[in-house]
Amino acid sequence: MQEESIIDKVKRELTDYLTNNGHRRTIERYTILQFIYESKEDHFDIESLYNAINKEHHVVSKATLYNTMELLVDANLVVRHRFGNNAHYERAYNVDTHHHLICTVCGTIKELKDTGVKEVISAKKLPRFTMSHYSLYIYGICGKCSRKASKNK
Ligand SMILES: [Zn+2]
Ligand SMILES: [Zn+2]
């Protein structure tokens, strides 16, 4: 028997979630979930997701997208980050712990996979607290923006 794919797993999680919480199992919700898990983008905001999804499917309204993202966050299938003014989302299932480098000028987000930081944090003894996951945001200026800034001097 073939192993269950990530897509099948998250779809099953969504089905459980929708059923247990009395939400309807609409095709759009599964379309959005699948799209997010097949996407090459790690981080996205509603606007870019909306444009990308409607290029392929032409079925999803913005209201449906907002509503579905709320459900996916609640179901722990998507994580919402608040970087600056915009909410950004990313997949939550089967994702390695990683950190985010955020440019305060252009808003670009880069992922940092640094095992050193990971080791320090997982070795920390947290008094009366059991860690499930964490995220570290490092703010600064990206290479592009600092090159631009030095040119304009
Ligand atoms: Zn930048
Ligand atoms: Zn990320």
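These numbers come from a predicted model, not from an experiment. The residue numbers shown here count from 1 along each chain, following its written sequence. Key to labels: chains lettered from A, ligands numbered from 1, both in the order written. Local features in a predicted model are, by the rule used here, given only for residues with pLDDT of at least 70; side-chain atom pairs are given and counted only at 80 or more, and totals for whole chains, interfaces and linings are based on all residues. Values reported for side chains reflect all heavy atoms of the structure, with hydrogen atoms and water molecules removed beforehand.

## Structural notes on a nonpolar patch on the surface
Excluding any residue in a salt bridge, patches collect residues exceeding 30% relative accessible area, merging like charges within 9 Å and nonpolar Val, Leu, Ile, Met, Phe, Trp and Tyr side chains within 5 Å. The protein chains shown are the only cover counted for residues, whose accessible areas, like all others here, come from Shrake-Rupley with a 1.4 Å probe. Salt bridge, as applied in this entry: a Lys or Arg side-chain nitrogen positioned within 4 Å of an Asp or Glu carboxyl oxygen. Nonpolar side chains collect at one region of the surface, where L101, L136 and I138 lie side by side and expose about 200 Å² of accessible area between them. What counts as a helix is a DSSP run of H or I of at least four residues, what counts as a strand is a run of E of at least two, and both are numbered from the N terminus. As for its position among the elements, L101 is in strand β3 (residues 99–103). For L101, a relative accessible area of 32% translates into the label partly exposed. Burial here depends on accessible area, computed with a 1.4 Å probe over protein chains only, as a share of the maximum for the residue type. Under 20% is buried, over 50% is exposed, and the range in between is partly exposed.

## Thoughts on the domain arrangement of the chain
Domain boundaries in the chain define domain 1 (6–91) and domain 2 (99–151). Its C-alpha centre places domain 1 at a distance of 24 Å from the equivalent point of domain 2. Throughout, a contact is declared for two residues whenever any of their heavy atoms are within 4.5 Å. On the side of domain 2, seven residues touch domain 1, which itself brings seven residues to the contact. Summed over both partners, buried area is the accessible surface (1.4 Å probe) that two parts give up on being assembled. Across the interface of domain 1 and domain 2, roughly 560 Å² is buried in total on both sides, 62% from carbon and sulfur atoms. Interface area lost by domain 1 to domain 2 is led by H43, H81 and F83, which between them contribute 72%. We call two N or O atoms a polar contact when they sit within 3.5 Å, provided that within protein one can donate a hydrogen and the other can accept it, with sequence-adjacent residues counted only if both atoms are side-chain atoms. The tally of links between domain 1 and domain 2 comes to four residue pairs in polar contact (both at pLDDT 80 or more). Elements supplying a minimum of two residues to the side of domain 1 that touches domain 2: β1 (78–83) and β2 (86–91). Take the side of domain 1 that touches domain 2: its biggest share by element is three residues, from β1. Per the annotation, domain bounds derive from an automatic or database assignment of domains.

## Here we look at helix α1 (residues 6–20)
How far a helix is expected to stretch is found by multiplying one less than its residue total by 1.5 Å. A rise of 1.5 Å per residue sets the reference length of α1, with its 15 residues, at 21 Å; its end C-alpha atoms lie 21 Å apart and thus fit the reference within 8%. Those residues of α1 that fall on the buried side of the exposure criterion are I7, V10, L14, Y17 and L18. Buried residues in α1, looked at end-on, bunch into an arc of 95°, giving them a common side. Looking at the buried side of α1, the elements it contacts are α2 (27–38) and α4 (62–74). Just beyond α1, the residue with positive phi is G22, at close to 70°. As used here, the arc belongs to the directions running from the helix axis to the C-beta atoms.

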